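# Examination of the molecular architecture
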Amino acid sequence: MVTVRIWDLPTRLFHWLLAACVVGLVITGKLGGNAMVWHFRFGQVALTLVLFRLVWGLVGGHWSRWSQLALAPSQVTAYLRGQRSSWAGHNPMGSWSVLLMLGWLLLQAGTGLVSDDEIANAGPLTALVSGATVSAATAWHKGVGQWVLLALVLLHLAAIAWYRLRKAQALVPAMLHGDKMLPQPVPASRDGAAQRVLALLVLLVCAGAVRWLVGLGAP
C-alpha cells in the first residue's frame, strides 16, 4: 500500500465550503422572512464555488480534473459488476454524482436569481426577465429544484455511509487531509504553494463574475 495525495487543498476547501453553503441555504430557505437576506448571500457564494469548481476541473490537481472522472459507460458497467473495487479518484457513480450535483446547483442558483416570493424577497435579476419567467423560475426553485437537491444530498450521505459500513472504505478522511492509501502508485495531485495561489486567483475571478452578474439587475 502506498500513500498518494489525491485531493488538493483547493478541492477539499471547495467541498466543505459548498456543503456549508447548502446547509445554510436549506435552513434560511425554510426560515424565510429576514433570513432570506442570508439565503441570497449563501446562494451567491454557492454559485461562486460552483463556477470555481468548473474552472478548477480544467487547471486543478490531477484527480480534480474533469479528464480524470470515470464517466465512460464501460467504466460504469465494470463498477456495477464489481469488476474493480479500487479507484484513486472518484469511482464511476461518484463521477456522475459530481456532475449532477454541480449541474443542479447551477440550475438552482440560476432560477434563484430570477425568483420572487411576491411578498418581500425577489432575486436580483427579476427585473430583467418577464413575469412568466419569474413565476416559472420561482415554482421550480421552491418545488422540484429544491426537493431534487435535497434528495441528491441525502443520496450522497447514504453512499458515504454504505461505503463505510458495507465496504469498510472511509471516504471522508481523504477529503480532510487529501491522501489515500492505494494498492499501487498513481500520479499524485499537485498541491503546493503555486497551485494554491492559482486557486485563489480563480476564486477571485469567479467571485467577480458573480458580483458582476448580480449587479446587472441593479437599478
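What you see is a predicted model, and the numbers here were worked out from it, not measured in a lab. (Residues numbered from 1 in each chain as written. Predicted model: local features only at pLDDT ≥ 70, side-chain atom pairs only at ≥ 80, totals over all residues. Heavy atoms only, no water.)

## Quick word on the overall build of the protein
- The helix and strand inventory of the protein stands at 8 helices and 2 strands.
- Listing the helices and strands of the protein from first to last along the sequence gives β-α-α-α-α-α-α-α-β-α.
- What you see for the protein is a C-alpha radius of gyration of 19 Å, in line with the 17 Å of a compact globule of 219 residues.
- Evaluated residue by residue, the protein yields a buried proportion of 37% over its 219 residues. (Helix = DSSP H or I, 4+ residues; strand = E, 2+ residues; numbered from the N terminus. Rg over C-alpha atoms; globule rule 2.2 N^0.38 Å. Buried < 20%, exposed > 50% of the residue type's maximum accessible area, 1.4 Å probe, protein only.)

## A few points about the nonpolar core
- Phe14, Leu18, Phe52, Leu102 and Leu105 are the most contacted members of the largest nonpolar core, which totals 22 residues.
- Every element with two or more residues in this core is listed here: helix 1 (9-31), helix 2 (36-59), helix 4 (92-113), helix 6 (144-166) and helix 8 (193-215).
- If near-sequence neighbours (up to four positions away) are discounted, Leu102 is found in contact with Phe14, Leu18, Val50, Arg53 and Trp66. (Core = buried A, V, L, I, M, F, W, Y, C linked by side-chain atoms within 4.5 Å. Contact = heavy atoms within 4.5 Å.)

## What about the packing of aromatic side chains?
- Counting across every chain of the model gives 4 aromatic pairs.
- Ring centres of Phe52 and Trp56 lie 5.5 Å apart, and the angle between their planes is 15°; on these two criteria the pair is classed as stacked. On the criterion of helical spacing, the pair formed by Phe52 and Trp56 is a turn pair, its members being 4 residues apart in helix 2.
- Ring centres of Trp104 and Trp140 lie 5.7 Å apart, and the angle between their planes is 40°; on these two criteria the pair is classed as tilted. Separated by 36 residues along the polypeptide, Trp104 in helix 4 and Trp140 in helix 5 (residues 131-142) bring together distant segments of the chain.
- The partly exposed category is assigned to Trp140, whose relative accessible area is 30%.
- Stacked on the ring of Trp38, the Lys or Arg Arg41 has its end atom at 4.6 Å from the ring centre.
- For the cation-ring pair, Arg53 lies above Trp66, with the distance from its terminal atom to the ring centre recorded as 4.8 Å. (Phe/Tyr/Trp six-rings, centres within 6.5 Å; stacked < 30°, edge-to-face > 60°. Lys NZ or Arg CZ within 6 Å of the ring centre and 35° of its normal.)

## Here's the deal with helix 4
- A rise of 1.5 Å per residue sets the reference length of helix 4, with its 22 residues, at 32 Å; its end C-alpha atoms lie 32 Å apart and thus fit the reference within 8%.
- Buried within helix 4 we find Pro92, Ser95, Val98, Met101, Leu102, Trp104, Leu105, Gln108, Ala109, Thr111, Gly112 and Leu113.
- Its buried side turned inward, helix 4 meets helix 1, helix 2, helix 3 (73-80), helix 5, helix 6 and helix 8.
- The N-cap of helix 4, judged by a side-chain oxygen 3.0 Å from the amide nitrogen of Met93 a few residues on, is Asn91. (Expected span 1.5 Å × (residues − 1). Polar contact = N/O pair within 3.5 Å; in protein donor to acceptor, adjacent residues only side chain to side chain.)

## Focus: the layout of surface pockets
- Reported here for the second largest pocket is a volume of approximately 740 Å³.
- What lines the second largest pocket is a set of 31 residues, and nearest its centre among them are Gly29, Met36, His39, His141 and Lys142.
- Broken down by secondary-structure element, the contributors of at least two residues to the lining of the second largest pocket are helix 1, helix 2, helix 4, helix 5 and helix 6.
- No other element matches the 7 residues that helix 2 contributes to the lining of the second largest pocket.
- Residues of the lining of the second largest pocket, tallied by class, amount to 14 nonpolar, 13 polar and 4 charged. (1 Å grid on protein atoms, 1.4 Å probe; cavity = no way out; pocket = protein on both sides within 12 Å on 5 of 7 lines; lining within 4 Å. Points joined across faces, edges and corners; volume = space filled by probe spheres on them. Nonpolar A, V, L, I, M, F, W, Y, C, P; charged D, E, K, R; others polar.)

## Points about helix 3
- Among all positions in helix 3, only Val76, Ala78 and Tyr79 are buried. Here the buried residues of helix 3 occupy an arc of 165° about the axis, which is enough to place them on one side. Turned more than 90 degrees off the buried face of helix 3, the exposed positions are Pro73, Ser74 and Leu80.
- The secondary structure elements touched by the buried residues of helix 3 are helix 4 and helix 6.
- Residue Gly82 follows helix 3 closely and has a positive phi angle near 75°. (Arc of directions from axis to C-beta.)

## Here's the deal with the pattern of salt bridges
- A full pass over the atoms with the stated rule returns 4 salt bridges.
- The residue Asp191 makes a salt bridge to Arg12 at a minimum N-O spacing of 3.1 Å. Pair noted here: Asp191 is in the loop between strand 2 (179-182) and helix 8 and Arg12 is in helix 1, with a separation of 179 residues, a long-range link.
- Salt-bridge contacts for Arg196 lead to Asp191; the nearest nitrogen and oxygen are separated by 3.2 Å.
- Take Arg196: its relative accessible area is 37%, and that puts it in the partly exposed class.
- A single salt-bridge network, built from bridges that share partners, covers Arg5, Arg12, Asp179, Asp191 and Arg196. (Salt bridge = Lys/Arg side-chain N within 4 Å of Asp/Glu carboxyl O.)

Just distances and angles here, no functional claims.
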